[in-house]
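Here is what each chain is made of, one letter per residue.
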Amino acid sequence: MAFPAGMNAKNNNIKPLNRLEVMRALRVSIWSGLVMTLAGTFVGGVVQTSFVLWLGGSNMLLGLLTAIPSLCGLIQMASSYWADKWASRRKFVLLFMWISTMMWLPVAFLPWYVPQPLRLVAFFILICFISMSSQMASPVSTSWLSDLVPASHRGRYFGYRNMLLGIIGTVAALPIAAYLDMFKRNTGVIGP
């Protein structure tokens, strides 16, 4: 049985959303996806790799870094179970996405408050928490969105949304790449 946004089986007495509320929720989904794509572009991928190298990480640690999201993906099996215990999927998703986003602040300040020998360990612990939090929210947000989008429009909506996210991610990566090149030229170090 499908439930409107923010509902689960425990509180199915809430009235369904009207068409205007659904359209607004889908627009919000696109905007939040764009923000998350920008955030992922600014702190993930090549920036994260450069940061690990700058902290003194090895190729082995870079391999571990790429494996963390997949390993933390195992928590998705439990997230659906835990989400059913909550009164609202919306609150569940927002909480874990907020945790995932806020955990980047300690990562950003890591070089200033963690002694050099412990920086890589602290970085990997924080990355594990970030990955687990975002993986907790992932299946629940997908379920929530699929309840919002009528079955006859899912392909068109998700195709449009993913196209926008891909374009934004690609365009945002260009200035980051230019900055990393400039940093390396000016310092001779691969780094943030």
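Because the structure is predicted, anything quoted here is derived from the model rather than measured. (Residues numbered from 1 in each chain as written. Predicted model: local features only at pLDDT ≥ 70, side-chain atom pairs only at ≥ 80, totals over all residues. Heavy atoms only, no water.)

Caption draft 1: Structural context of the pattern of salt bridges. Throughout the structure, instances matching the rule amount to one salt bridge. R89 is the salt-bridge partner of D147, the closest N and O atoms lying 2.8 Å from each other. One end of the pair, D147, is in helix α8 (residues 119-148); the other, R89, is in helix α5 (residues 89-102), and 58 residues separate them in sequence. (Salt bridge = Lys/Arg side-chain N within 4 Å of Asp/Glu carboxyl O. Helix = DSSP H or I, 4+ residues; strand = E, 2+ residues; numbered from the N terminus.)

Caption draft 2: Spotlight on the environment of L71. Topologically, L71 is positioned in helix α3 (residues 59-72). Classification of L71 by relative accessible area gives exposed; the value is 53%. Separated by 60 residues in sequence, L71 and S131 place their C-alpha atoms 9.0 Å apart. (Buried < 20%, exposed > 50% of the residue type's maximum accessible area, 1.4 Å probe, protein only.)

Caption draft 3: Broad picture of the nonpolar core. In this structure, V107, L110, F123 and I127 are the most contacted members of the largest nonpolar core, which totals 19 residues. Of all the elements in the fold, those that place two or more residues in this core are α2 (45-54), α3, α6 (104-108) and α8. The dominant element in this core, judged by the number of residues it contributes, is α8, at seven residues. If we ignore the near neighbours within four places in the chain, the residues touching F123 are Q48, F51, V52, L55, L65, V107 and L110. (Core = buried A, V, L, I, M, F, W, Y, C linked by side-chain atoms within 4.5 Å. Contact = heavy atoms within 4.5 Å.)

Caption draft 4: Expanded view of the packing of aromatic side chains. Here the structure, examined in full by the defined rule, presents seven aromatic pairs. Note on F109 and W112: the rings are 6.2 Å apart at their centroids and 55° apart in plane angle, and the pair reads as tilted. Ring centres of Y157 and F158 lie 5.1 Å apart, and the angle between their planes is 75°; this geometry places the pair in the edge-to-face category. Judged by its relative accessible area of 11%, Y157 falls in the buried class. Relative accessible area serves as the criterion here: at 24%, F158 is assigned to the partly exposed category. Counting every residue linked through ring pairs, the aromatic cluster contains F51, W54, F123 and F124. (Phe/Tyr/Trp six-rings, centres within 6.5 Å; stacked < 30°, edge-to-face > 60°.)

Caption draft 5: Looking closely at α5. Between its terminal C-alpha atoms α5 stretches 20 Å, which fits the 20 Å expected from 14 residues at 1.5 Å a residue. Residues R89, F92, V93, F96 and S100 constitute the buried set of α5. When α5 is viewed along its axis, its buried side chains cluster within an angular range of 95° and face the same direction. Counted as exposed and oriented over 90 degrees from the buried face of α5: K91 and W98. Structurally, α5 contributes buried residues whose contacts are with α4 (76-85), α6 and α8. Its side-chain oxygen at 3.2 Å from the backbone nitrogen of R90, S88 defines the N-terminal cap of α5. (Expected span 1.5 Å × (residues − 1). Arc of directions from axis to C-beta. Polar contact = N/O pair within 3.5 Å; in protein donor to acceptor, adjacent residues only side chain to side chain.)

Caption draft 6: Spatial organisation of the packing of α5 against α8. It is the contact of α5 with α8, at a shortest axis distance of 8 Å, that shows an interaxial angle of 150°. Here α5 lies roughly antiparallel to α8, going by the angle between them. In terms of crossing hand, the pair formed by α5 and α8 is left-handed. Contacts between α5 and α8 involve R89, R90, F92, V93, F96, M97, I99 and S100 from the first element and I130, S133, S134, M136, A137, V140, S141, S143, W144 and D147 from the second. Across the contact of α5 with α8, the residue classes tally to ten nonpolar, five polar and three charged. (Axes fitted to C-alpha atoms, helices over the stretch in contact; angles between N-to-C directions. Parallel < 35°, antiparallel > 145°, perpendicular 65-115°, else oblique. Left-handed = near helix turned anticlockwise from the far one by under 90°. Nonpolar A, V, L, I, M, F, W, Y, C, P; charged D, E, K, R; others polar.)

Caption draft 7: Region of the structure containing the environment of G166. Here G166 is to be found in helix α9 (residues 154-187). Residue G166 is classed as partly exposed on the basis of its relative accessible area, which comes to 39%. Distance from G166 to L34, taken between C-alpha atoms, is 9.1 Å for residues 132 residues apart in sequence.

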